[in-house]
Amino acid sequence: MNIKSVRGVHDILPAEAPLWQRLESAARRVFGAYGYREIRLPLFERTELFARGIGEVTDIVQKEMYTFADRTGESLTLRPEATASVLRAYIEHGLHVQPKPVKLYTMGPMFRYERPQAGRYRQFHQLDVEAIGEDHPAVDAEVIGMLVRFFAELGLADRLALHINSLGDGVCRPAYRERLVEYLRQHAARLCAECRDRTERNPLRVLDCKKPECRPVLDQAPSLLDFLCDPCADNFTRVRAYLDAMGIRYVVDRRLVRGFDYYVRTAFELLTTELGAQNAVAGGGRYDGLVALLGGPPDAATGFAIGMERVVLLLGGTTTPCPPAAFLIPLGDQALTRLLAVAQEVRERGVPIELGYGTRKLRAELERAHRLGVDHVVIVGETELGREEAIIREMKSGSQRTVRLASLGDELAALPERASSTGATALRSEGAAACEVGSAAVTSPEHP
Ligand code: HAM
């Protein structure tokens, strides 16, 4: 029996990899322009980090973590998100002595035991950004501006809606929470079982329920925005004013809540209508108390994470590989020995070359060259070898010319420039990631 991949995980195949590279390089470019530097973090941490950081009563900690004991019996967890790990590293390495805000980004796989569906996986990837050590509302606006800029760079900004809300803080949220629980209990009969359960455990998350039967009650629920204390209300006004000044369009979404306990004040999501239930492409907000909760200084912080799979789904398309500059066809082992050395030399100069291994007939090799889509093949048989020559054949026209074997390397290295009027070659010169993006839709890794 073949061993298959685990449910909820997916492979990124070569046709899709250039899209991922595009996301990664856009992230490096955009985040770099705002002064963010990359941090690379381990995939697993002590379980306690997430239990404390994300919140004991959240769905993530209660139901979705991949937790295991290592051989010493220590409880470890595959990271379900990056924020707690970034802060752990920030505290552990004393990064807080650097000028604030300390601006960090990281990218890579996260793990959550969720029910897999299109756009939702058990191993998925995030681009995560954190600005630590500054509580000014302009940092929230600046971070949101960077998020929007990232999607503009990918040509997706017009297909997304930015929703923002304020979640209040330790001063005003408890009163709201009490009022909300009271309201939800009053209307419990018209809520689903999960909402009733959440009313007692994590009432703000009830607002997030997408079931149509719960909507009438939730639409009428009291809003946190009406309960904000003066400093939180002022803070939210200023965030909005900064966004307005930057020309960033947004919707104030009174029902926007987030799946983590750590947020205070600004919370935001970028939403799409194109991916069904998995409508959040990115989410984030301010989390001022978390650095201290994890044992660090009382540093304020704000940030977001982008779901890379969802962005790739929105971008769509698969890529076709760029053809190599030439396909070398040795006929026999002696010719192979010479052409292997030539290929080595030309590849060293950055020119992509494919090579036959001298075992197949010329016809079969030409067929392979055709399938690779190359413009030129080089043929060296016994006769050519004896004369220290090689034949360069142009595939389309079939025209051939003979060159000295000694200058074959230079001839091949000159091919891309010679053919640079053709689109394929121009793209090729930009590197593998720049090859044509076709129109076929990207296949979604798992539709159970
Ligand atoms: P989050 O909202 O849980 O936030 O995740 C951010 C994004 O990751 C989501 O908007 C979504 O696009 C993607 N995502 C989440 N779960 C899955 C999944 N199972 N499959 C595919 N994509 C998924 C956080 O993780 C926070 N740490 C963000 C943050 C950073 N807040 C402050 N700093």
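Residues numbered from 1 in each chain as written. Predicted model: local features only at pLDDT ≥ 70, side-chain atom pairs only at ≥ 80, totals over all residues. Heavy atoms only, no water.

Engineer: An account of the nonpolar core is needed here, citing residue identities and associated values.
Structural biologist: Counting residues in each nonpolar core, the largest one holds 94 residues, and the members touching the most others are Phe31, Ile132, Phe150, Phe151, Phe304, Ile306 and Val311. With 8 residues, helix H5 (residues 137–153) is the single largest residue contributor to this core. Within the second largest apolar cluster, 23 residues are counted, among which are Leu328, Leu336, Val342 and Ala390. (Core = buried A, V, L, I, M, F, W, Y, C linked by side-chain atoms within 4.5 Å. Buried < 20%, exposed > 50% of the residue type's maximum accessible area, 1.4 Å probe, protein only. Helix = DSSP H or I, 4+ residues; strand = E, 2+ residues; numbered from the N terminus.)

Engineer: How would you summarise the site of the ligand if you had to cite specific residues and measurements?
Structural biologist: If you check the shell around the ligand, you find 27 residues, and the closest are Glu81, Glu114, Tyr121, Glu130 and Tyr263. Glu130 is positioned such that a nitrogen or oxygen atom in its side chain is 2.8 Å from a nitrogen atom of the ligand. Within the side chain of Arg258, an N or O atom sits 2.9 Å from an oxygen atom of the ligand. Compared with its free state, where it exposes 660 Å², the ligand has 96% of that area covered by protein. Listing elements by their share of the shell around the ligand, those giving two or more residues are strand S6 (123–132), strand S10 (280–286) and strand S11 (301–307). It is S10 that provides the largest number of residues to the shell around the ligand, a total of 6 residues. (Near = heavy atom within 4 Å. Polar contact = N/O pair within 3.5 Å; in protein donor to acceptor, adjacent residues only side chain to side chain. Areas by Shrake-Rupley, 256 points an atom, 1.4 Å probe, with all protein chains shown as cover.)

Engineer: Explain the pairing of strand S4 (residues 75–78) to me, and be specific about the residues and the numbers.
Structural biologist: With 3 bridges connecting them, strand S2 (residues 44–46) and S4 associate as antiparallel partners. By the bridge assignment, Glu45 is partnered in S4 with Thr77. Here 4 bridges tie strand S3 (residues 66–69) to S4, and the two strands are oriented antiparallel to one another. Among the inter-strand pairings, Phe68 is bridged to a residue of S4, identified as Leu76. Here S3 folds back onto S4 in antiparallel fashion, the turn holding 5 residues, of which Gly73 has a positive phi close to 90 degrees. (Pairing = 2+ DSSP bridges.)

Engineer: Any details on the domain arrangement of the protein chain? Residues and values, ideally.
Structural biologist: When cut into domains, the protein chain gives domain 1 (17–172 + 228–315) and domain 2 (326–427). One C-alpha centre belongs to domain 1, the other to domain 2, and the line joining them spans 50 Å. (Domains from an automatic or database assignment.)

Engineer: Let's hear about helix H1 (residues 17–33): which residues, and what values?
Structural biologist: With 17 residues, H1 ought to run about 24 Å at 1.5 Å a step, and its terminal C-alpha atoms sit 24 Å apart, in line with that. Looking at H1, one finds that the buried residues are Pro18, Leu19, Trp20, Leu23, Ala26, Ala27, Val30 and Phe31. Positive backbone phi, approximately 90 degrees, marks Gly35, located one or two places after H1. (Expected span 1.5 Å × (residues − 1).)

Engineer: Report on the packing of helix H6 (residues 173–186) against helix H7 (residues 193–201), specifying residues and quantitative values.
Structural biologist: Two elements in contact, H6 and H7, have axes whose closest approach is 10 Å; the angle formed by their N-to-C orientations is 150 degrees. If you check the angle between H6 and H7, you find them roughly antiparallel. Regarding H6 and H7, the two cross each other, and that crossing is left-handed. Contact residues: Arg177, Val181, Leu184 and Arg185 in H6; Thr199, Glu200 and Arg201 in H7. Broken down by class, the residue content of the contact of H6 with H7 amounts to 2 nonpolar, 1 polar and 4 charged. (Axes fitted to C-alpha atoms, helices over the stretch in contact; angles between N-to-C directions. Parallel < 35°, antiparallel > 145°, perpendicular 65-115°, else oblique. Left-handed = near helix turned anticlockwise from the far one by under 90°. Contact = heavy atoms within 4.5 Å. Nonpolar A, V, L, I, M, F, W, Y, C, P; charged D, E, K, R; others polar.)

Engineer: Give a description of the side chain of Arg310 that names residues and reports values.
Structural biologist: Among the structural elements, Arg310 can be located in helix H11 (residues 308–315). The buried charged residue Arg310 lacks any salt bridge, with Glu114 as its nearest oppositely charged partner at 5.8 Å. A polar atom in the side chain of Arg310 sits 2.8 Å from the backbone oxygen of Gly119. A polar contact is formed between the side chain of Arg310 and the backbone oxygen of Ala280, at a distance of 2.7 Å. Those residues within four positions of Arg310 in sequence are excluded, and the remaining contacts are Gly119, Arg120, Leu275, Gln278 and Ala280. (Lys, Arg positive; Asp, Glu negative; His and termini not counted. Salt bridge = Lys/Arg side-chain N within 4 Å of Asp/Glu carboxyl O.)

Engineer: Outline the sheet that holds strand S16 (residues 400–404), listing residues and values.
Structural biologist: Spatially, the 5 strands line up as an open sheet ordered S13-S12-S14-S15-S16, and their pairing is mixed. Whereas interior strands pair on both sides, the edge strands pair on one side only; in this sheet they are strand S13 (353–355) and S16. Averaged over all pairs of adjacent strands, the angle between their axes in this sheet comes to 25 degrees, without regard to strand direction. Set on the sheet, helix H12 (residues 333–348) makes contact with strand S12 (326–330), S13 and strand S14 (376–380); between it and S13 the angle comes to about 165 degrees. Each of S12, S13, S14 and strand S15 (389–394) touches helix H13 (residues 362–372); the most contacted strand, S12, lies at about 170 degrees to it.

Engineer: I'd like a rundown of the sheet that holds S11, residues and numbers included.
Structural biologist: Ordered in space as S1-S5-S6-S11-S10-S9-S7-S8, the 8 strands form an open sheet in which the pairing is mixed. The open sheet has two free edges, formed respectively by strand S1 (37–38) and strand S8 (251–252), since each of these has just one partner strand. One ladder, built from 10 bridges, connects strand S5 (residues 102–111) with S6; its direction is antiparallel. Along S6, the bridge assignment pairs Leu104 with Glu130.

Engineer: Describe the pattern of salt bridges, listing the residues and the values that go with them.
Structural biologist: The tally for this structure, following the rule as stated, stands at 32 salt bridges. A salt bridge links Arg52 to Glu48; the nearest nitrogen and oxygen atoms lie 3.1 Å apart. Within this pair, Arg52 and its partner Glu48 are both found in helix H2 (residues 47–54), separated by 4 residues, close to a single helical turn. Among the residues examined, Glu48 registers a relative accessible area of 48% and is labelled partly exposed. In this structure, Arg368 and Glu354 form a salt bridge, with 3.8 Å as the shortest nitrogen-oxygen distance. Taken together, the residues span a long stretch of sequence, with Arg368 in helix H13 and Glu354 in strand S13 at a distance of 14 residues. Residue class for Arg368 comes out partly exposed when judged on its relative accessible area of 23%. We classify Glu354 as partly exposed; its relative accessible area is 28%. Several salt bridges converge on common partners, so that one network encompasses Asp59, Lys63, Glu194, Asp197, Arg198, Arg201 and Lys211.

Engineer: Tell me about the pairing of S6, residues and numbers included.
Structural biologist: Across the 10 residues of S6, 9 count as buried, placing the element largely inside the fold. Inspection of the sheet shows S6 paired to S11 by 7 bridges, in the antiparallel sense. Paired with Val129 across the two strands is Phe304, which belongs to S11.

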